[in-house]
Amino acid sequence: MKTTITPSINSNNVILGGGVTGLYVAERLSKESSVVVLEKREKIGGMCSTFKHKDCFFDLGPHKFYTQLFGINEEFLRIVGEGNYNKVKKKNSVFLKGKRFQFPVKITELVFGLNPFLSLKFLTSFGLNLVNNLVRKRKIKNYEDYFIKGFGPVGYKLLFYGFAKKVWGNPKDLSPELAKKRSPVSSVFDLVKKMIFERNNPNVNAEYFFYPKKGFGAICDNLSNTIKNNGSTILTNSNLNSINHSNNHIDSVRYSVIDKNYDLSVNNLISTIRLPELITLLNPKPNPEVISAAKNLKFRSLILVYIIVNKPKALEDNWIFFPEKEYIFNRLSEQKSFSSELFPSNKTGIIAEITCDKNSTFFEQSDTKIFDLVIKDLEKANLLHQVDVLEFFTIRVKDIYPVYSLDYEQNLSVVMKYLNTFDNLFSLGRMGLFNYNNCDHCLDMGYKFVRYLKTENKSHSQWVELLSYFNDYRIVD
Ligand SMILES: Cc1cc2nc3c(=O)[nH]c(=O)nc-3n(C[C@H](O)[C@H](O)[C@H](O)COP(=O)(O)OP(=O)(O)OC[C@H]3O[C@@H](n4cnc5c(N)ncnc54)[C@H](O)[C@@H]3O)c2cc1C
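Residues numbered from 1 in each chain as written. Predicted model: local features only at pLDDT ≥ 70, side-chain atom pairs only at ≥ 80, totals over all residues. Heavy atoms only, no water.

## Quick word on the pattern of salt bridges
This is how it is decided: Salt bridges are defined as contacts in which a side-chain nitrogen from Lys or Arg sits within 4 Å of a carboxyl oxygen from Asp or Glu. A run of H or I in DSSP becomes a helix once it reaches four residues, and a run of E becomes a strand once it reaches two; helices and strands are each numbered from the N terminus. Here the term buried applies to any residue with accessible area under 20% of the maximum for its type, exposed to any over 50%, and partly exposed to those in between, with areas from a 1.4 Å probe on protein chains only.
According to the stated counting rule, one finds 22 salt bridges in the structure shown. Across the salt bridge formed by Glu-75 and Arg-28, the nearest N and O atoms sit 3.3 Å from each other. In this pair, Glu-75 is assigned in helix α2 (residues 72-80) and Arg-28 in helix α1 (residues 20-29), connecting sequence segments 47 residues apart. Take Glu-75 and Arg-28: they sit in the same class, and that class is buried. We note a salt bridge from Arg-474 to Glu-177, for which the minimum N-O separation is 3.8 Å. With Arg-474 in the segment after α15 (460-470) and Glu-177 in helix α6 (residues 176-182), the pair connects residues that are 297 residues apart, well separated along the chain. The exposure class assigned to Arg-474 is partly exposed, which follows from its relative accessible area of 34%. Where salt bridges share partners, they join Glu-27, Arg-28, Glu-75 and Arg-78 into one cluster.

In structure tokens form, the structure reads like this:
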């Protein structure tokens, strides 16, 4: 490769990654200072992007916008712009034993909706488990223990085991922290209490969600336009080579576009790329303990199967969850129910999500083989039939789900402790903090981070406090 080092471009703030976190931080900073965003892909947006396929628009993974965070809904509305979004009444289901149940699950619907034998098994197992909980204090060591304690073995198997296994792997190998982050309820009592007293509690269930009429990618597209209008720069197709540092300070970033290398001097480096990659780019290298901890942070990958359907509408729900192993996908969605502007009136599209390891043979299966499995299961569930399918295609996204394995907190703490020794390096976002967070959390992080950066006489401990606050985000479906 030909190497040409151009003179340094001076920039106050360099941002690695043009997903929603990086772009939101860039937008806010670009009002007052010069910003350069380096994005490795051809297009900005990361996981929050929308693409066109013939006459249909699809998200890279279906997204809704919902938040309980102060001021963040207003930020979403500001970015997307008045009149450019829908407020959608959410309708989600979970498919269990051949039936659709409202999601989040209502305990009465479940008990009366299942076959009587299974309902009895569920209630008996819950009762015995309750006695067991009173008699002996159980240590919650993993995801499985957490939900068995609250729901009993049968309830856990029915409601939590299958989905966790599909998305993240064996629940015995997952941290209980994942259960806390992903579920607003920890027990049957919680479920009953929330059903009776907190039916409309926005912390438990998103009754409505917001969605940009032209697709979720509008958030990042609009942020990108403002950044450019403010005179800052977004460089796509940029390959990072190294992040150079001395005396606990980032000095410069070296990146290449096609066959040319460039050095960019740095005042503040804000990284939203995967933590393990950030660690490997640092020059000089961190000590072996940090490198090994970063390597041990695990991710799962995603296969998105897009199906174009020759009908105006296909599903009754926005999303349907499939925890049972009899179904290859873990979730189905129909984005036309978020915005009718995404598809022509006579067609719709559904997305089937399948999570797996990127090194598995399944990840490398042909599109046709994967589609054959998906359509077989859709027919089995009586949701869609082959004759209605006009076309299909797949997109594979590697390393998209952080896996909260039993040792992730220890590994993350080693990596973050090391990164926190730098005075001008800030790792943010879902990948940058190995944090199971949503788009609203990304905006909140960006907002609070920029406020921190602008604080005069700030102390490093304030940044560490912010990191701890980011770590407490909870997902609400
Ligand atoms: C299937 C799925 C469904 C989801 N649904 C929802 C939902 O309904 N609602 C919701 O709010 N959230 C949802 N989320 C979460 C949401 O997508 C994320 O929280 C958000 O997109 C994270 O943004 P980010 O900028 O932190 O990371 P990313 O979107 O991952 O952005 C990181 C960017 O960095 C770039 N990059 C990576 N490596 C490099 C490198 N070496 N050099 C330069 N650039 C690099 C990437 O290309 C990318 O553009 C969903 C996520 C998934 C996977």
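There's plenty left to go through after this.
## Structural notes on the site of the ligand
Cut-off, in case you're wondering: Proximity criterion: a residue is near a molecule or strand once any of its heavy atoms comes within 4 Å of it. Pairing of N or O atoms within 3.5 Å defines a polar contact, subject to two protein rules: one partner must be a possible hydrogen donor and the other a possible acceptor, and residues neighboring in sequence count only if both atoms are side-chain atoms. For every accessible area listed, the method is Shrake-Rupley and the probe measures 1.4 Å; residues are considered covered only by the protein chains on display.
If you check the shell around the ligand, you find 31 residues, and the closest are Thr-21, Glu-39, His-63, Lys-64 and Glu-277. Within the backbone of Val-20, a nitrogen or oxygen atom sits 3.2 Å from an oxygen atom of the ligand. Between Glu-277 and the ligand, the recorded distance is 2.7 Å, taken from a side-chain N or O atom to a nitrogen atom. Summarising the interface, the protein chains cover 94% of the accessible area of the ligand, which totals 1,000 Å² for the free molecule.

## Overview of the sheet that holds strand β14 (residues 268-271)
Selection rule: Two strands qualify as a pair provided that DSSP identifies no fewer than 2 bridges between them. Convention adopted: a line fitted to C-alpha atoms gives each axis, helices being fitted over their contacting stretch, and angles between N-to-C directions are expressed from 0 to 180 degrees. Residue contacts are defined here by distance: any two heavy atoms, one from each residue, within 4.5 Å place the two residues in contact.
Read from one edge to the other, the open sheet built from five strands follows the order β10-β3-β2-β14-β21, with strand pairing classed as parallel. Looking at strand neighbours, the two that pair on one side only are β10 (233-235) and β21 (425-427), the edges of this open sheet. This sheet shows a mean twist of 15° between the axes of neighbouring strands, independent of strand direction. Where helix α14 (residues 439-454) meets the sheet, it contacts β2 (13-16), β14 and β21, and its direction lies at approximately 165° from that of β21.

## Some words on empty space enclosed by the protein
We apply this condition: Only protein atoms enter the calculation, which uses a 1 Å grid: trapped sets of points that fit a 1.4 Å probe without letting it out are cavities, open sets showing protein on both sides within 12 Å along at least five of seven lines are pockets, and any residue with an atom within 4 Å of a point is a lining residue. Grid points are joined across faces, edges and corners, and a volume is the space filled by probe spheres set on the points. Under the convention adopted here, Pro, Cys and the residues Ala, Val, Leu, Ile, Met, Phe, Trp and Tyr are nonpolar, Asp, Glu, Lys and Arg are charged, and Gly plus all remaining residues are polar.
Counted by the stated rule, this structure contains one cavity of 30 Å³ or more. Within this model, the largest cavity holds a volume of roughly 30 Å³. Every residue along the wall of the largest cavity is listed here: Met-416, Leu-419, Asn-420, Leu-425, Phe-426, Ser-427 and Trp-463. Breaking the lining of the largest cavity down by element, the ones donating at least two residues are α12 (408-419) and β21. Considering every element that reaches the lining of the largest cavity, the biggest residue donor is β21, with three residues. Of the residues in the lining of the largest cavity, the class split is five nonpolar, two polar and no charged.

## A few points about the sheet that holds strand β18 (residues 331-334)
To summarise the sheet geometry, strands pair through backbone hydrogen bonds and adopt either a parallel or an antiparallel arrangement. Spatial ordering of the open sheet is given by β8-β7-β17-β18-β19-β16-β20, a layout of seven strands whose pairing is mixed. Looking along the sheet, the strands with just one partner apiece sit at the ends: β8 (99-102) and β20 (389-403). Strand-to-strand twist of the sheet, defined as the mean angle between neighbouring strand axes without regard to direction, takes the value 25°. Bridge count for β18 against strand β19 (residues 348-356) is four bridges, and the pairing is antiparallel. Across the sheet, residue Glu-334 finds its bridge partner in β19, namely Ile-350. Packing against the sheet, helix α11 (residues 367-380) makes contact with β16 (298-309), β18, β19 and β20, and its axis sits at approximately 100° to β20.

## Here's the deal with the domain arrangement of the protein chain
Threshold: An automatic or database domain assignment is the source of the domain bounds shown. Accessible area, probed at 1.4 Å, shrinks when two parts are joined; the buried area is that loss added up over both.
For the protein chain, the domain assignment lists domain 1 (5-48 + 214-297 + 405-470) and domain 2 (105-197). For domain 1 versus domain 2, the distance between C-alpha centres works out to 38 Å. Contacts between the two partners involve six residues from domain 1 and, on the opposite side, twelve residues from domain 2. Carbon and sulfur atoms make up 58% of the surface buried where domain 1 meets domain 2, a total of about 640 Å² over both sides. When the area that domain 1 buries against domain 2 is broken down by residue, the three leading residues are Leu-406, Tyr-408 and Tyr-436, summing to 73%. For the interface between domain 1 and domain 2, the tally reads zero salt bridges. At the surface where domain 1 touches domain 2, the tally comes to three residue pairs in polar contact (both at pLDDT 80 or more). By residue class, the composition of the side of domain 1 that touches domain 2 is three nonpolar, two polar and one charged.

## Topic: helix α4 (residues 116-135)
To keep it simple, the criterion reads: Here the expected span of a helix is defined as 1.5 Å times the quantity of residues minus one. The directions from the helix axis to the C-beta atoms form the arc being described.
Compared with the 28 Å implied by 1.5 Å per residue over 20 residues, the 29 Å span of α4 between its first and last C-alpha is a close match. Along α4, the residues classified as buried are Leu-118, Ser-119, Phe-122, Ser-125, Phe-126 and Asn-129. All buried residues of α4 lie within an arc of 130° about the axis, which places them on one face of the element. Of the exposed residues in α4, those oriented more than 90 degrees away from the buried face are Pro-116, Phe-117, Leu-120, Leu-128, Leu-134 and Val-135.

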